[in-house]
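Listed below are the residues making up each chain.
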Amino acid sequence: MSRFIVTGANGLVGRRACALLAEKGHAVVGLGRGVRRAAGAHDYEELDLTREADVARALSRLAPEVILHCASMTEVDACEKAPEAAYAANVTATAAVARGAREAGAHLVHVSTDYVFDGAAGPYGEDAVPNPGGVYAVTKHMGEQAARVLAPGCAIARTAVVYGWPPVEGRLNFGAWLVKTLGAGQPVKLFEDQVVSPSFAENVAAMLVELGERRLGGTWNTSGGTVLDRVAFGRALCEVFGFDAGLIVPTKMADLKLSAPRPLRSGLRTEKARELLVEKPLALEESLKRFHATWRRAGEAG
């Protein structure tokens, strides 16, 4: 068993990674802002990852063997409006964690995004050349470079449109937002012209854990295994959950006048992960089935 640190431990993927690692018998400490101890399964420590000296001290003291760096500022429009905060969260923090990983001799798994691509020719394989647009995308690409430079041999794990139940407190992910809105009988506008790789959070966490356990380096697409537009995803979700697909209103991205650019023909190719990982990227049908099961269990638990 190994000593793991998970940053962003109170996030959608980080929380699930912590739980899975504890279940497997690893020693795991979750780091991040506003984190709390959870049922004694693993330890949490509050830490501002943008404070490089604090990160260095914490990693030196904890002496991890593997770090899963899940923490990030992911709200695309918020990044566009607050570039300094986005840079601090996505570049400064990543550099601090990568430097600390190198000093500790720990293997780093850095979580990135399909947004590093411009969306002109997706879906993208691991060897595609990034061309980010917008503050979120640029800072995430810079974070990848910081990880590669400061923690040689690290893994870059790109994912996309991560969803799961329960959602993170205070913020609904795409899938959870659809479930709450459609479940209430309210219409939703979804992009018919944006192609993505929706990714079930438990599946993403399992792939990250495997990259850490096996100390695998290089670039990996750790996303869902199905590439489709958001309208198609919404309709597939309606079929699994029993919602009215007529509530889905197809719309064009340009019609919403969003603050930040978003890639249109995006999505990630997952052949490498399907071939080389034990934890395979899930196809849409299986992902939604598991998503529905977690939602139903949460409802039954009250």
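Above this note sits the structure.
Note that the structure is a prediction, hence the values are computed from the model and not measured.

Turning our attention to the overall build of the protein chain. Check the secondary structure of the protein chain and you find 10 helices and 13 strands. Principal axes of the C-alpha set define a box for the protein chain whose edges measure 55 × 45 × 35 Å. Here the protein chain, with 302 residues, has 54% of them falling under the buried criterion. Taken as a whole, the protein chain presents about 13000 Å² of accessible surface, with 51% of it coming from carbon and sulfur. Of the side-chain charges in the protein chain, 35 are positive and 34 negative, and the distance between the mean point of each set is 1 Å.

The end-to-end C-alpha distance of helix α5 (residues 135–150) is 22 Å, a good match for the 22 Å that 16 residues give at a rise of 1.5 Å each. Buried within α5 are the following residues: V135, Y136, A137, T139, K140, H141, G143, E144, A146, A147 and L150. Where α5 is buried, its residues touch α3 (76–81), α4 (83–104), β5 (107–113) and β6 (155–159).

As a rule of thumb, non-glycine residues mostly have phi less than zero, and peptide bonds are mostly trans rather than cis. A cis geometry characterises the amide bond from G122 onward to P123, with omega recorded as 0°. Take P123: it is sitting in the loop between β5 and α5. Residue P166 is reached from W165 by a cis peptide bond, and omega for that bond is 5°. Along the polypeptide, P166 turns up in the loop between β7 (162–163) and α6 (174–183). Despite not being glycine, R215 has its phi angle at roughly 55°, a positive value. Structurally, the position occupied by R215 is in the loop between α7 (201–213) and β11 (218–221). Overall, the relative accessible area of 35% leaves R215 in the partly exposed class. One non-glycine residue, K257, lies in the positive phi region at around 50°. Tracing the chain through its elements places K257 in the loop between β13 (248–251) and α9 (271–276).

Among the 6 residues of strand β2 (residues 27–32), 5 are classified as buried, and the element is accordingly described as predominantly covered. Of the strand pairs in this sheet, strand β1 (residues 3–7) and β2 are connected by 5 bridges, and their pairing is parallel. Within the sheet, the bridge partner assigned to T7 lies in β2 and is L31. The β-α-β motif built from β1, the intervening helix α1 (residues 12–23) and the parallel element β2 has right-handed crossover chirality. Pairing geometry for β2 and strand β3 (residues 43–46), over 4 bridges, is parallel. Counted as the bridge partner of L31 is E45 from β3.

Packing of α6 against helix α8 (residues 230–241) leaves a shortest axis separation of 11 Å and a crossing angle of 55°. Viewed along their axes, α6 and α8 adopt a mutual orientation that is oblique. In this structure, α6 meets α8 at a crossing whose hand is right-handed. Residue-level contacts link F174, G175, L178, V179 and L182 of α6 to R230, F233, G234, L237, C238 and F241 of α8. Partitioning the contact of α6 with α8 into residue classes produces 8 nonpolar, 2 polar and 1 charged.

Before going further, it helps to spend a moment on the sheet that holds β5. Backbone hydrogen bonds hold the strands of a sheet together, and the pairing may be parallel or antiparallel. Taking strand neighbours across the sheet as the criterion, the 7 strands line up as β3-β2-β1-β4-β5-β6-β11 in an open arrangement whose pairing is parallel. Looking along the sheet, the strands with just one partner apiece sit at the ends: β3 and β11. Between one strand axis and the next, the sheet turns by 20° as a mean value, whatever way the strands run. Examined bridge by bridge, strand β4 (residues 66–69) and β5 share 4 bridges and lie parallel to one another. Bridge assignment links L68 to a residue of β5, and that residue is V109. The strands that α1 touches are β1, β2, β3 and β4; relative to β1, the one it contacts most, it runs at about 165°. Where α5 meets the sheet, its contacts fall on β5, β6 and β11, and the angle it forms with β5 comes to roughly 165°.

Below, the discussion takes up the pattern of salt bridges. Throughout the structure, instances matching the rule amount to 16 salt bridges. For E65, the salt bridge goes to R3, with nearest N and O atoms at 3.7 Å. With a gap of 62 residues between them, E65 in the loop between α2 (52–62) and β4 and R3 in strand β1 connect regions that are remote in the sequence.

Thresholds, definitions, all that
- Residues numbered from 1 in each chain as written.
- Predicted model: local features only at pLDDT ≥ 70, side-chain atom pairs only at ≥ 80, totals over all residues.
- Heavy atoms only, no water.
- Helix = DSSP H or I, 4+ residues; strand = E, 2+ residues; numbered from the N terminus.
- Buried < 20%, exposed > 50% of the residue type's maximum accessible area, 1.4 Å probe, protein only.
- Areas by Shrake-Rupley, 256 points an atom, 1.4 Å probe, with all protein chains shown as cover.
- Lys, Arg positive; Asp, Glu negative; His and termini not counted.
- Charge placed at Lys NZ, Arg CZ, Asp CG, Glu CD.
- Expected span 1.5 Å × (residues − 1).
- Contact = heavy atoms within 4.5 Å.
- Pairing = 2+ DSSP bridges.
- Right-handed = clockwise from strand over helix to strand, strands pointing away.
- Axes fitted to C-alpha atoms, helices over the stretch in contact; angles between N-to-C directions.
- Parallel < 35°, antiparallel > 145°, perpendicular 65-115°, else oblique.
- Left-handed = near helix turned anticlockwise from the far one by under 90°.
- Nonpolar A, V, L, I, M, F, W, Y, C, P; charged D, E, K, R; others polar.
- Salt bridge = Lys/Arg side-chain N within 4 Å of Asp/Glu carboxyl O.

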